[in-house]
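# A closer look at the structure
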Amino acid sequence: HDTGSSQAHWPFPGDHVLKGYAYILTHPGSPCVLWDHVFDWGDGVRNSILALVKARQDAGIHSRSKVKVCEAREDVYGAIIDDRLAMKIGPGDWKPAGSWTVKTSGDGFCVWMKS
């Protein structure tokens, strides 16, 4: 995984990196974060990744968390994880129904915590 970042063997499109982290850090599994993204890509990327990690920790998301896909269209993907965290990727219009608070957002993604 690390060799794909700095050596560009398997590059993830740079303008979509935070959308990728919004997905892997809100969904079940054991995600990892690349060193370069945290320490070499600037404060904006670093702060966004740290906010996503905090949202995951605060919601208690883990490898066996349950995902409910609420919207899946060409322009938006929206899901609720463990009924505590909601997220969307893409420019399309979607937000969770009910009482939710935005925890973090960026270009093409948003993450909410149940209020």
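Below is a short write-up of the structure.

## Structural notes on the overall build of the chain
Helix and strand counts for the chain come out as four helices and five strands. Ordering the α and β elements of the chain from the N terminus gives α-α-α-α-β-β-β-β-β. Taken against the 2.2 N^0.38 rule, which gives 13 Å for 115 residues, the C-alpha radius of gyration of the chain at 14 Å falls within 12% of a compact globule. For the chain, the spread of C-alpha atoms along the principal axes amounts to about 45 × 30 × 25 Å. Taking all 115 residues of the chain together, 41% fall into the buried category. Excluding contacts between residues fewer than 6 apart, the proportion of contacts in the chain whose partners are at least 24 apart in sequence is 43%. For the chain, the accessible surface area stands at approximately 6800 Å², while carbon and sulfur atoms represent 53% of it. Separation of charge centres in the chain, based on 13 positive and 13 negative side chains, amounts to 10 Å.

## Some words on the pairing of strand β5 (residues 109-114)
Across the six residues of β5, five count as buried, placing the element largely inside the fold. The pairing of strand β3 (residues 85-89) with β5 spans five bridges and is antiparallel. Across the sheet, residue Met87 finds its bridge partner in β5, namely Val111. By the bridge criterion, six bridges tie strand β4 (residues 100-106) to β5 in an arrangement that is antiparallel.

## A word on the nonpolar core
Within the largest apolar cluster, 21 residues are counted, with the highest numbers of intra-cluster contacts made by Tyr21, Leu52, Leu85, Met87 and Val111. Elements represented by at least two residues in this core include exactly α2 (17-24), α4 (43-59), β2 (76-81), β3 and β5. Tallying contributions element by element places α4 first for this core, with five residues. Among the nonpolar cores identified, the runner-up in size contains seven residues, and Ala86, Trp94, Cys110 and Trp112 belong to it.

## Re the pairing of β3
Side-chain direction in a regular strand flips from residue to residue, so the side chains alternate between the two faces of the sheet. Most of β3 sits out of view: five of its five residues are buried. Of the two faces of β3, the one holding Leu85, Met87 and Ile89 and the one holding Ala86 and Lys88 are both buried throughout. Both β2 and β3 contribute to a ladder of five bridges, which runs antiparallel. Residue pairing across strands places Ile80 opposite Ala86, the latter belonging to β3. Between β2 and β3, which pair antiparallel in sequence order, lie three residues; one of them, Asp82, sits at a positive phi of approximately 55 degrees.

Reading the values: rules and limits
- All residue numbers here refer to positions counted from 1 along the written sequence of the relevant chain.
- Given that this is a predicted model, residues contribute local features only at a pLDDT of at least 70 and side-chain atom pairs are listed and counted only at 80 or more, while totals for whole chains, interfaces and linings are drawn from all residues.
- With hydrogens and water stripped out, all remaining heavy atoms of the structure feed into the side-chain values.
- Each helix is a run of DSSP H or I of at least 4 residues and each strand a run of E of at least 2, with the numbering of both proceeding from the N terminus.
- We compute the radius of gyration from the C-alpha atoms alone; for a globule the expected value is 2.2 Å times N to the 0.38, where N is the number of residues.
- Throughout this description, buried means an accessible area under 20% of the type-specific maximum (1.4 Å probe, protein chains only), exposed means over 50%, and partly exposed covers the range between.
- The contact rule is simple, with two residues in contact once any of their heavy atoms fall within 4.5 Å.
- Only the protein chains shown count as covering a residue, and every accessible area follows the Shrake-Rupley method with a 1.4 Å probe.
- The charge count treats Lys and Arg as positive and Asp and Glu as negative. His and the chain ends do not count.
- A single reference atom marks each charge: NZ on Lys, CZ on Arg, CG on Asp, CD on Glu.
- A strand pair is defined by DSSP finding two or more bridges across the two strands.
- Definition of nonpolar core: a set of buried residues of the types Ala, Val, Leu, Ile, Met, Phe, Trp, Tyr and Cys, connected through side-chain atoms within 4.5 Å.

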